[in-house]
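Letter by letter, the chains look like this.
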Number of protein chains: 2
Amino acid sequence: MAEPSGAGYSIPLDDPGLDIAAGEEFLQEVFQILLEEGVRKSTDVTQKVCDWKEPQELRELLDLELRNDGEGREQLLQRCRDVLRFSVRTGHPRFFNQLFSGLDHHALAGRFLTETLNTSPYTYEMAPVLVLMEEQVLAKLRELVGWSSGDGIFAPGGSISNMLAMNVARFRRFPESRSRGNWDLPRLGLFASQESHYSILKGAALLGIGTDNVHLVRTDKRGKMIPEELEKEIQRVKAEVRTGCTPMSPKPLKLPNASPGSEPLFVCATSGTTVLGAFDPLDAIADICAHHGLWLHVDGLLQRCHGVGASYLFQRDKFYDVSLDTGDKSPQCGRRADGLKLWILWKAVGSQGLGQRVERAFSATRYLLEQVKRREGFQLVMEPEFINLCFWFIPPSLRGQESSPEFWDKLGKVAPAIKEKMIRRGSMMVGYQPHGSHVNFFRQIITNPAVTRHDLDFFLDEIQELGWDL
Amino acid sequence: MAEPSGAGYSIPLDDPGLDIAAGEEFLQEVFQILLEEGVRKSTDVTQKVCDWKEPQELRELLDLELRNDGEGREQLLQRCRDVLRFSVRTGHPRFFNQLFSGLDHHALAGRFLTETLNTSPYTYEMAPVLVLMEEQVLAKLRELVGWSSGDGIFAPGGSISNMLAMNVARFRRFPESRSRGNWDLPRLGLFASQESHYSILKGAALLGIGTDNVHLVRTDKRGKMIPEELEKEIQRVKAEVRTGCTPMSPKPLKLPNASPGSEPLFVCATSGTTVLGAFDPLDAIADICAHHGLWLHVDGLLQRCHGVGASYLFQRDKFYDVSLDTGDKSPQCGRRADGLKLWILWKAVGSQGLGQRVERAFSATRYLLEQVKRREGFQLVMEPEFINLCFWFIPPSLRGQESSPEFWDKLGKVAPAIKEKMIRRGSMMVGYQPHGSHVNFFRQIITNPAVTRHDLDFFLDEIQELGWDL
Ligand SMILES: Cc1ncc(COP(=O)(O)O)c(C=O)c1O
Ligand SMILES: Cc1ncc(COP(=O)(O)O)c(C=O)c1O
């Protein structure tokens, strides 16, 4: 061999280089720990949602350092216990911090299978079962949105899905851009609502389209894109003449020539915005897109309801050169087989069971809404349209002072203070944020089917208790 | 609630919406199936590597359809068994088809933990353990390449890592491109060797740079980039004047003005090319990059040896607007916590154990090399530099006919014929491809530490047996 690294390669090859029997025993033991500490405790309301430690304290507790020598079995098992103990229990019925939550045993089994198979569904040869399974799951997802044909691919998340959609739109309109880049293209315009997810901006940056060319369309007070504003914005962008400076980029830039207005390309409508859960009016937006010949992408659809990694669902032609790889629809080469998890879950509960989960989420939101309206000191930010319930808790000390000049300032400090207390106590977790002119409020999104009325009552009681003295 | 979907939301909330006890039992049973069928059989040489079925046959065997009603436990367990049975066993000591192979019990335990935690390491609040762990693993990886500072992020694969590197390079040179897109930039030039991975082309397409602007630099006969050719190519690209047509895109394109030469931006050197396992000469390439002020990205480094999803390792400034998310270094929002798997493995075997695996891979390659040289009918494509061993098997019917005009044509059909036989038999799997002027040859890459000398002898015997009568 040419220029060996000097190691000599003298490792004997008579026996396997790892102890297979010990490995199996280890897996067996880890699994029991996992089932007890990671699954059972994670779904048990009598357990804490999190066991908060400051970063430095946690670093010491975990002994994260990686050393030259390996560790023994007992120590490794203890490490697995520690990882579970100090992690946030996202499957807990009182974890409401993120858009995802809950632990579904069938879906988890699907993930374990996927990890054990450790393959990549890029060819039938390598992953016959998984390739056919993704085909089936994607067809079924298309059916749910009412399409009888089309194609699709699983992408690692909603952000990447949004980027892929932009790329497809660009390729469809300007096939030669794939080889020549953006230079020969007119400046492109992307449109999304003010409430859209920030991955649209990230995507525009990554694709060389530029965040300045994302035009955020005004929304109504419920957070829905206003179609008339979209139309106006499209007109404005078309007419706009660009010069070397923009208010956002005051440094004069080298411009070959003052370019005429941009060419509108792509509209991202959101079905279920991140904070308010608003649904953009698809029909009206679709009419505008059809009229101007724009690509309409919908961010949301099924993603949230079914707890899948977002899937990329839109009809498309293949957009990579056949000489690269015919079957290749993803910007990834190797990728995880995300379809199996959803397939097993779907087989287990059926379309009916999935539908019931969606209904249950609405039921839980409606129940909580009634309680929030009934309880003193709780105030809605707005009536929910979807399963996002946004509200403030007003401590007794602030009640009746709504007209005082410092009221909103003070109220904005309440949610963070309650949040800190709840994390230190470990009793539950929920997200808050300011939004537009609204100061910090809680956003509750119940997607976990394990959540009961009792958990929802607890949720409000706990906020009330933690916020009482503020 | 505004405009409910009509469902009525009448689901009672007194009890959890899923049967937790049954779920735990199901997980327990799936795990035992998994351990037996997915882990034990997967690492047992007396088992088949794959149980090949044609797509239509497999569709019927698996009953993939998703229906309205859910299925019972026994049926679901049988489905899990079927998934494992008809999937390719990538952990099998005779699976050599891909760059990854092998099953490490510690790493798999790490993945199970990660899936159970079901969180996203984007904030410390959400994933305290995983955030600190990734910090530690990335620091340790940087240490291995000799860096005492820097930053990094885990990306879902090598292709995405390559794209991120291009994006960072563009941002560093042209910070305003993030907001304004590529239009105000000079046409950029990217450089990679002819042997580089095709994700460089995909990345150029996605980033709006264009595949025509990827300049593939000539390699020597071992597949290494020739530094002098890189220098020449950089000069050529700088001097080149673009007109409206290029041979690759014969359709005349609207060009605002004939642009001057492109501006070289980025060089991708490959450490371990996909087919030949060649290492580009980094020092010489780095000098050229320094001289021209180009960003040097290295594709490979640690990825292959340690069986991790590729990690993104290069020093960088944050390149997303602080107003979007300060801690945000990834194009993804939610993402999997890929660090835990590697952390547990590293804790289990230590740096020393990881090093030994690399040495073992070299040992195995050297052993196989000796055998290939010794056995009649086997012919090396070239001396290996790394752990990629590329060779032909020449059936007796073709031996001694090397000078006949049809020899290479006929030899090119041998590897596919042997491959088909081996898949139908299920005895092993290995990849083949043509490359440049070389007709189809086998590429053997042994990364699985479970592989013994016996497996390597079997590998050659089997090729010989299957190819004997061709
Ligand atoms: C509307 C919307 N789109 C996209 C995303 C991004 O999804 P991901 O985190 O999977 O990248 C989110 C995440 O919250 C979202 O709310
Ligand atoms: C040199 C090189 N770079 C990048 C990649 C792409 O990696 P991934 O499949 O993780 O996207 C590969 C895959 O084989 C490779 O060999």
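Since this is a predicted model, take the numbers as computed values, not measurements.

Enquirer: Describe the sheet that holds strand S3 (residues 188-193) of chain B, and please don't skip the residues or the numbers.
Expert: In any sheet, the strands associate via hydrogen bonds between backbone groups, in a parallel or an antiparallel arrangement. All names here are of chain B. Strand order in the open sheet formed by 4 strands is S4-S3-S5-S6, with parallel pairing between adjacent strands. Edge strands, defined here as strands with exactly one partner in the open sheet, are strand S4 (214-217) and strand S6 (295-299). Within the sheet, the average angular offset between the axes of one strand and its neighbour, ignoring direction, is 25°. Judged from the 4 bridges that link them, S3 and S4 form a sheet pairing that is parallel.

Enquirer: How would you explain the site of ligand 2 if you had to name every residue and give the values?
Expert: Lining the immediate surroundings of ligand 2 are 14 residues, of which A:Gly334, B:Gly158, B:Ser159, B:Thr274 and B:Asp299 lie closest. Around ligand 2 the close residues trace back to chains A and B. Within the backbone of B:Gly158, a nitrogen or oxygen atom sits 2.7 Å from an oxygen atom of ligand 2. Relative to its unbound accessible area of 400 Å², ligand 2 is 88% covered by the protein chains. Put simply, the parts of the chain that give the shell around ligand 2 at least two residues each are helix H6 (158-173) and helix H11 (303-306) of chain B.

Enquirer: How would you summarise the packing of aromatic side chains if you had to cite specific residues and measurements?
Expert: Residue and element names in this part refer to chain A. This model, assessed by the stated rule, comprises 26 aromatic pairs over all chains. Aromatic side chains Phe 31 and Phe 112 sit 6.0 Å apart centroid to centroid with 75° between the ring planes, which places their arrangement in the edge-to-face category. Of the two residues, Phe 31 sits in helix H1 (residues 20-40) while Phe 112 sits in helix H4 (residues 105-117), which places them 81 residues apart along the sequence. A ring pair is formed by Trp 392 and Phe 441, whose centres lie 6.1 Å apart and whose planes are at 80°; its orientation type is edge-to-face. Here Trp 392 is found in strand S9 (residues 388-393), whereas its partner Phe 441 is found in strand S11 (residues 438-445), with 49 residues between them in sequence. With respect to burial, Trp 392 and Phe 441 carry one shared label: buried.

Enquirer: Please give an account of the confidence of the model for chain A that cites residues and values.
Expert: Residues and elements named next belong to chain A. Chain-level pLDDT for chain A is 87 on average; 88% of the residues reach the 70-or-more range. This stretch, residues 2-7, has a pLDDT under 50; its non-local contacts, to residues over four places away or in other chains, come to 6 contacts. Listed scores for the predicted complex are pTM 0.91 and ipTM 0.90.

Enquirer: Quick rundown of the domain arrangement of chain A? Include the residues and the values.
Expert: Residues and elements named next belong to chain A. Once the domains are mapped, chain A shows domain 1 (116-241 + 259-341) and domain 2 (342-467). Just the C-alpha atoms count here: the centres of domain 1 and domain 2 sit 30 Å apart. Residue-level contacts link 25 residues of domain 1 with 21 residues of domain 2. For the pair domain 1 and domain 2, the two sides together bury roughly 2000 Å², of which 66% comes from carbon and sulfur. On inspection of domain 1 and its partner domain 2, the count reaches 1 salt bridge.

Enquirer: Hey, could you go over the interface of chain B and chain A for me, with residue numbers and the actual values?
Expert: If you look at the interface, chain B gives 174 residues, while chain A gives 174 residues. Between chain B and chain A, a total of about 15800 Å² is buried, with carbon and sulfur atoms accounting for 62% of that surface. Counting the contacts that link chain B with chain A gives 16 salt bridges. The salt bridge involving B:Arg59 is made with A:Glu135; its shortest N-O contact spans 3.0 Å. For the pair chain B and chain A, the interface holds 72 residue pairs in polar contact (both at pLDDT 80 or more). Of all the elements, helix H12 (residues 339-374) of chain B adds the most residues to the side of chain B that touches chain A, at 22 residues. Broken down by class, the residue content of the side of chain B that touches chain A amounts to 83 nonpolar, 48 polar and 43 charged.

Enquirer: Which residues make up the site of ligand 1, and what are the values?
Expert: Near ligand 1 there are 14 residues, and of these A:Gly158, A:Ser159, A:Thr274, A:Asp299 and B:Gly334 occur at the shortest range. Those residues lying near ligand 1 are distributed over chains A and B. Take A:Ser159: an N or O atom from its side chain is 2.6 Å from an oxygen atom of ligand 1. A distance of 2.6 Å separates a nitrogen atom of ligand 1 from a polar atom in the side chain of A:Asp299. Coverage of ligand 1 by the protein chains reaches 88% of its 400 Å² of free accessible surface.

Parameters at a glance
Residues numbered from 1 in each chain as written. Chains lettered and ligands numbered in written order. Predicted model: local features only at pLDDT ≥ 70, side-chain atom pairs only at ≥ 80, totals over all residues. Heavy atoms only, no water. Pairing = 2+ DSSP bridges. Helix = DSSP H or I, 4+ residues; strand = E, 2+ residues; numbered from the N terminus. Axes fitted to C-alpha atoms, helices over the stretch in contact; angles between N-to-C directions. Near = heavy atom within 4 Å. Polar contact = N/O pair within 3.5 Å; in protein donor to acceptor, adjacent residues only side chain to side chain. Areas by Shrake-Rupley, 256 points an atom, 1.4 Å probe, with all protein chains shown as cover. Phe/Tyr/Trp six-rings, centres within 6.5 Å; stacked < 30°, edge-to-face > 60°. Buried < 20%, exposed > 50% of the residue type's maximum accessible area, 1.4 Å probe, protein only. pLDDT = per-residue confidence, 0-100. Contact = heavy atoms within 4.5 Å. Domains from an automatic or database assignment. Buried area = accessible area lost by both parts, 1.4 Å probe. Salt bridge = Lys/Arg side-chain N within 4 Å of Asp/Glu carboxyl O. Nonpolar A, V, L, I, M, F, W, Y, C, P; charged D, E, K, R; others polar.

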